[in-house]
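Next come the chains, spelled out residue by residue.
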Amino acid sequence: MPGTLYLIPVPLGPTAPAESLPANVLATIKPLTHFVVEQAKTARAFLKAAGTDTPLQELTLVELNEHTKTNELDLLLAPLRAGHDVGLLSEAGCPAVADPGANLVALAQKENIRVVPLIGPSSLLLALMASGLNGQRFAFQGYLPAKEADRSKALKELESESRKRQQTQIFIETPYRNRQMFDSILQACQPGTRLAVATDLTLPGESVLTRTIQQWKKQTPPEIERRPSVFLLLA
């Protein structure tokens, strides 16, 4: 019988696992000896804090990130095929959501390998919960284009779709480009459109603010530079 692929959430910042993960998740991690991770160094730090029955140096950690080639993915299933349970880790938050781990999950599903998602922090859902925007209809758009002209066009299209469907549009940006994204939103969107900016979720500096575009233009911009943030729009 093949093993089980466990999707293990990771704290959204420098928080102890015991403070943000349920006890049953930590109990699931402890006996595992095989992990697929985005970066081995940070994964070892997380596993050390979470606690494992096997010494860290004896664990098998294989990286899966943006540099992993498509033909290398199949090899990552080898431990599962051999009957070992495997933990999949992202750098932060839930694996396989805006995360290269989704490709491994797709292969596991294709081979009828059991996939078990574990409970933990999701910045997207936490941001939506606190935004006051439409939680009945929403769509996650991932990263928008980096070039200003393309980004502006994408924002206008998302705003139009939001207005048409009354659907909250959720997207993220590389933290060092957060301010450029914020400025682009103010320039591209209509005055009455609501924008929520959720920053440092679950961390001491957490902030979730929802304002209309018109209101945002009249107040001091949020301090989001180089801080993990989620943007939500509702026209």
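The rules behind the values
Residues numbered from 1 in each chain as written. Predicted model: local features only at pLDDT ≥ 70, side-chain atom pairs only at ≥ 80, totals over all residues. Heavy atoms only, no water. Salt bridge = Lys/Arg side-chain N within 4 Å of Asp/Glu carboxyl O. Helix = DSSP H or I, 4+ residues; strand = E, 2+ residues; numbered from the N terminus. Buried < 20%, exposed > 50% of the residue type's maximum accessible area, 1.4 Å probe, protein only. Core = buried A, V, L, I, M, F, W, Y, C linked by side-chain atoms within 4.5 Å. Contact = heavy atoms within 4.5 Å. Pairing = 2+ DSSP bridges. Axes fitted to C-alpha atoms, helices over the stretch in contact; angles between N-to-C directions. Right-handed = clockwise from strand over helix to strand, strands pointing away. Phe/Tyr/Trp six-rings, centres within 6.5 Å; stacked < 30°, edge-to-face > 60°.

**Q** How do you make sense of the pattern of salt bridges when you look at a structure like this?
**A** One side chain can pair with another of opposite charge once the charged atoms of both are near each other. Within the structure shown, the criterion is met by nine salt bridges. Between D183 and R179 there is a salt bridge, with the nearest N and O atoms lying 3.1 Å from each other. Within this pair, D183 and its partner R179 are both found in helix 9 (residues 178–188), separated by four residues, close to a single helical turn. You can call D183 partly exposed: its relative accessible area is 29%. The exposure class of R179 is partly exposed, given its relative accessible area of 35%. With a closest N to O distance of 2.9 Å, D200 and R227 form a salt bridge. In this pair, D200 sits in the loop between strand 8 (194–199) and strand 9 (207–212) while R227 sits in the loop between helix 10 (213–218) and strand 10 (229–234), placing the two residues 27 residues apart along the sequence. The partly exposed category is assigned to R227, whose relative accessible area is 21%. Each of the salt bridges in this network shares a partner with another, and the network as a whole consists of D74, R81 and E111.

**Q** Help me understand the nonpolar core, please; the structure alone is not making it clear to me.
**A** In a soluble, globular protein the nonpolar side chains are often hidden away together inside. Core analysis: the biggest nonpolar cluster contains 19 residues, and I8, I29, F35, F46, L47, L61 and L89 have the highest contact counts within it. No other element matches the four residues that helix 3 (residues 40–50) contributes to this core. Not counting residues within four places of it along the chain, the set of residues in contact with L89 comprises I8, V10, F35, V36, V37, E38, A43, F46, L47 and P95. Residues A188, C189, W216 and L233 belong to the second largest nonpolar core, which totals 17 residues.

**Q** Is there a simple way to explain the sheet that holds strand 7 (residues 168–172) in this structure?
**A** Strand-to-strand pairing in sheets goes through backbone hydrogen bonds, with the strands running parallel or antiparallel. On the basis of which strands lie adjacent, the open sheet formed by five strands has the order 6-7-10-8-9 and mixed pairing. Strands at the two margins of the open sheet, each flanked by one partner only, are strand 6 (138–143) and strand 9. With strand direction ignored, the average angle separating the axes of adjacent strands in the sheet is 20 degrees. In this structure, strand 6 lies alongside strand 7, joined through four bridges in parallel fashion. Pairing of F140 across the sheet is with I170, part of strand 7.

**Q** Help me out: how do you make sense of the pairing of strand 2 (residues 34–37) in this one?
**A** Taken residue by residue, a regular strand's side chains alternate between the two faces of the sheet. Side chains of strand 2 alternate between two faces, with H34 and V36 and F35 and V37 buried alike. Pairing between strand 2 and strand 3 (residues 60–63): four bridges, direction parallel. Looking at strand 3, one finds that V37 is bridged to E63. Tracing the backbone out of strand 2, into helix 3 and back to the parallel element strand 3 gives a crossover that is right-handed. The pairing of strand 2 with strand 4 (residues 86–89) spans three bridges and is parallel. Paired with V36 across the two strands is L88, which belongs to strand 4.

**Q** Sorry if this is basic, but what is going on with the packing of aromatic side chains here?
**A** The description of an aromatic ring pair uses the distance of the two centres, along with the angle that the planes make with each other. In the structure shown here, the tally under the stated rule is two aromatic pairs. Seen in terms of ring centroids, F171 and F231 are 5.9 Å apart; in terms of plane orientation they differ by 15 degrees. Their pairing is stacked. One end of the pair, F171, is in strand 7; the other, F231, is in strand 10, with 60 residues separating them in the sequence. With relative accessibility at 0%, the residue F171 sits in the buried group.

**Q** Would you take a moment to explain the sheet that holds strand 2 for this structure?
**A** Reading across from one edge, 3-2-4-1-5 is the order of the five strands in this open sheet, with parallel pairing throughout. At either end of the open sheet lies a strand with only one pairing partner, and these are strand 3 and strand 5 (115–117). If you compare each strand with its neighbour and ignore which way they point, the axes differ by 25 degrees on average. Sheet topology places strand 1 (residues 5–8) next to strand 4; four bridges connect them, and they run parallel. Counted as the bridge partner of L7 is L88 from strand 4. Here helix 3 sits on the sheet in contact with strand 1, strand 2, strand 3 and strand 4, set at roughly 140 degrees to strand 3. Against the sheet, helix 6 (residues 101–110) touches strand 1, strand 2, strand 4 and strand 5, its axis set at about 155 degrees to strand 1.

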